[in-house]
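Tertiary structure, described
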Amino acid sequence: MDKKVTVVGAGNVGATAAQRLAEKELCDVVLIDIIKGVPQGKALDLSEAAPIEKHDAHLIGANGYEPSADSDIVIITAGIPRKPGMSRDDLISTNAGIVKNVTREVARYSPDAVLIIVSNPLDAMCHVAFEASGFPKNRVMGMAGVLDSARFRAFIAMELNVSVENTHAFVLGGHGDTMVPLPRYSTVAGIPITELLSKDRIDALVDRTANGGAEIVKLLKTGSAYYAPASAAVEMAESILKDKKKILPCAAYLEGEYGIQGLFMGVPVKLGNNGIEEVIQIRLSEDEQAALNRSAAAVQELVGVLKKLQT
Ligand code: APR
C-alpha cells in the first residue's frame, strides 16, 4: 500500500482498528505495544487472515518505533481502559504519562504524521499529545464525536426501526457526561428527529448516548468498548488518507471558535490530507451553547489536573 498507519497500543481498540484498516485496504499497518510478542502475534494473525479476507495490506508488530517511521497517521490507543464504577477521568494520571512518552517517540519517527488520539480521558489526552508532539493544531485530533454520534445514530435507528444508514447525528463537546448531543441537527433521511420523536423519547436517547460508554463497561466488567471506538477512529483515518473531506465531529484545538479558547473540544471539522482543514461553525441555540460551555468547563478542569500532575 502507498499509505502507512501506525497504531500504538495493540489491545482491544488498537488491534480492532488495525484489523479494520487492513480489511478496508486503506494502508499498511504497524502495530506497537510495550508487551513483548503481543503486537507481533496479532499482526501475524491478521496477516494470516488476509488471504481469506482478500486484502494485500501488510501488517507488522513491534515493541519499538523504528518500523513506524514516516507514517501518514498514528492512532494512539495506548493506556489503560476503565473498569466498572470508574469514570474516564479516573484514568488521567496513568494515561497522561503513557500518552506523553508514546507521542514523543511517534513525533520523532513520523514528524509529518497526523495524530488521532483515542486514549481516555480523551480531551485531556489530546492536550498531552499536542504539547508532547509540538505538531500544529491541524495535525492533532481526538476520536470521540464520531463514536458518540454513532451511538446516538444506533439508538435512533433502534427506536424508529429504520436503517442506520438513514440516520445522521451530531454530538459535540467533551467525551464525558457533559457531551452535547444535538437533536435539532440529528436526522432520519433528512428529517430532524425533533419531528419524529417526542421530547421525552429524545431525552432518553440523549441520556443513553451520554452514558453509552459506561453501559458497555458495566456489561463487559473487565474493560471498555472497542468495536465502535475502532470503527470511529478508522472512519477519521479513511477521510484523511483518501482526502475525502468528510465533515465529522472530532476533538479539535479551538482558538475562539464557538467562543472557546485554547481547549480541545468536540466540534464538526473537515478531515482531509492535511488533517483538520476547517472547523465548521454551526449556529447554536442559547441552551445548546450553554451546554457546550458547561462541557468546556469540565474539560478545562481536567486540563488543570494535568497541569498539577506536571508540577
Ligand atoms: N506504549 C505502548 N503501548 C502501551 C503502553 C505504552 N507506554 N502502555 C500501555 N500500552 C498498551 C497495553 O499494553 C495494552 O495492550 O495499550 C494497550 C491498551 O489496550 P487495552 O488494555 O485492551 O485497552 P483498550 O480497550 O484498547 O483501550 C485503550 O482507549 O478507549 C480508550 O479508555 C480507553 O484509554 C483506553 C484506550
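Above: the structure in question.
Below: a short report on this structure. (Residues numbered from 1 in each chain as written. Predicted model: local features only at pLDDT ≥ 70, side-chain atom pairs only at ≥ 80, totals over all residues. Heavy atoms only, no water.)

**As for the pairing of strand E1 (residues 4-8)**
What counts here: Remark: exposure states derive from per-residue accessible area (1.4 Å probe, protein chains only) relative to the maximum for the residue type, with buried under 20%, exposed over 50%, and partly exposed in between. Runs of H or I in DSSP of at least four residues are treated as helices and runs of E of at least two as strands, each being numbered from the N terminus. Strand pairing is defined by DSSP finding a minimum of two bridges between the two strands. Look down the strands so they point away from you; if going from the first strand over the helix to the second traces a clockwise path, that crossover is right-handed.
Summarising burial for E1: four of the five residues are buried, a large majority. With five bridges joining them, E1 and strand E2 (residues 28-32) adopt parallel strand pairing. Across the sheet, residue Thr6 finds its bridge partner in E2, namely Val30. For the crossover that starts at E1, traverses helix H1 (residues 12-23) and ends in the parallel E2, the hand is right-handed.

**Re the pattern of salt bridges**
Definition in use: Just to be clear on terms, a salt bridge is a Lys or Arg side-chain nitrogen sitting within 4 Å of an Asp or Glu carboxyl oxygen.
According to the stated counting rule, one finds eleven salt bridges in the structure shown. Here Lys199 and Asp203 are joined by a salt bridge, their closest N and O atoms 2.8 Å apart. Of this pair, Lys199 and Asp203 both sit in helix H6 (residues 199-210), separated by four residues, roughly a single helical turn. The salt bridge partner of Lys246 is Glu235, with a shortest N-O separation of 2.8 Å. Of this pair, Lys246 sits in strand E12 (residues 246-255) while Glu235 is found in helix H8 (residues 227-241), placing the two residues eleven residues apart along the sequence. For Glu235, a relative accessible area of 25% gives the class partly exposed.

**What to know about the nonpolar core**
Selection rule: Remark: nonpolar core denotes a set of buried residues (Ala, Val, Leu, Ile, Met, Phe, Trp, Tyr, Cys) joined through side-chain atoms within 4.5 Å. Those domain boundaries reflect an automatic or database domain assignment. Contacts between residues were defined by any pair of non-hydrogen atoms, one from each residue, lying within 4.5 Å.
Counting residues in hydrophobic clusters, the biggest one holds 56 residues, and the most contacted among them are Leu21, Ile73, Ile75, Ile116, Met236 and Leu271. It is H8 that provides the largest number of residues to this core, a total of eight residues. When residues of this core are sorted by domain, at least three fall in each of domain 1 (4-142) and domain 2 (145-310). Contacts of Leu21, omitting those with residues within four sequence positions, involve Val5, Val7, Leu26, Cys27, Val29, Ile75, Val234 and Ala237. Formed by 31 residues, the second largest nonpolar core is a distinct cluster that contains Tyr65, Val74, Ile92 and Phe135.

**Here we look at the site of the ligand**
To be explicit about the condition: Whether a residue is near a molecule or strand depends on its heavy atoms: if one lies within 4 Å, it is near. What qualifies as a polar contact is a pair of N or O atoms within 3.5 Å, subject to a donor-acceptor requirement within protein and to the restriction that residues adjacent in sequence count only when both atoms come from side chains. We get accessible surface area from the Shrake-Rupley algorithm with a probe of 1.4 Å; when it comes to residues, only the shown protein chains can shield them.
The immediate surroundings of the ligand are formed by 20 residues, with Asn12, Val13, Asp33, Thr77 and Asn120 found nearest. Interatomic distance of 2.8 Å between a backbone N/O atom of Val13 and an oxygen atom of the ligand. One of the side-chain N or O atoms of Asn120 is found 2.9 Å from an oxygen atom in the ligand. Surface burial for the ligand is 86%, taken as the share of its 730 Å² of free accessible area covered by protein chains.

**A word on a negative patch on the surface**
Note the cut-off: A patch consists of residues whose relative accessible area exceeds 30% and which take part in no salt bridge; residues with like charges are grouped when within 9 Å of each other, and nonpolar side chains (Val, Leu, Ile, Met, Phe, Trp, Tyr) when within 5 Å. When charges are counted, Lys and Arg contribute as positive and Asp and Glu as negative, whereas His and the chain ends are disregarded. Where a charge sits is defined by one atom per residue type, namely NZ (Lys), CZ (Arg), CG (Asp) or CD (Glu).
A cluster of acidic residues, Asp89, Asp90, Asp177 and Glu301, forms a negative patch on the protein surface. Inspection of the secondary structure assignment puts Glu301 in helix H9 (residues 286-310). Owing to a relative accessible area of 59%, Glu301 belongs among the exposed residues under this scheme.

**As for the packing of aromatic side chains**
Each aromatic ring pair is characterised by the separation of its centres together with the angle its planes make. Our working rule: Under the pairing criterion, centres of Phe, Tyr and Trp rings, with the six-membered ring standing for Trp, must be within 6.5 Å; the plane angle then separates stacked pairs below 30 degrees from edge-to-face pairs above 60, leaving the rest tilted.
Applying the stated criterion across every chain yields a total of four aromatic pairs. Pairing Phe130 with Phe264 gives two aromatic rings, centres 5.5 Å apart and planes at 80°, and the pair type is edge-to-face. In this pair, Phe130 is assigned in helix H4 (residues 122-133) and Phe264 in strand E13 (residues 261-272), connecting sequence segments 134 residues apart. As far as the burial class goes, Phe130 and Phe264 line up, both buried. A ring pair is formed by Tyr226 and Tyr227, whose centres lie 4.7 Å apart and whose planes are at 35°; its orientation type is tilted. By way of ring pairs, the aromatic residues Phe130, Tyr253 and Phe264 are connected into one cluster.

Shape descriptors only; they carry no functional weight alone.
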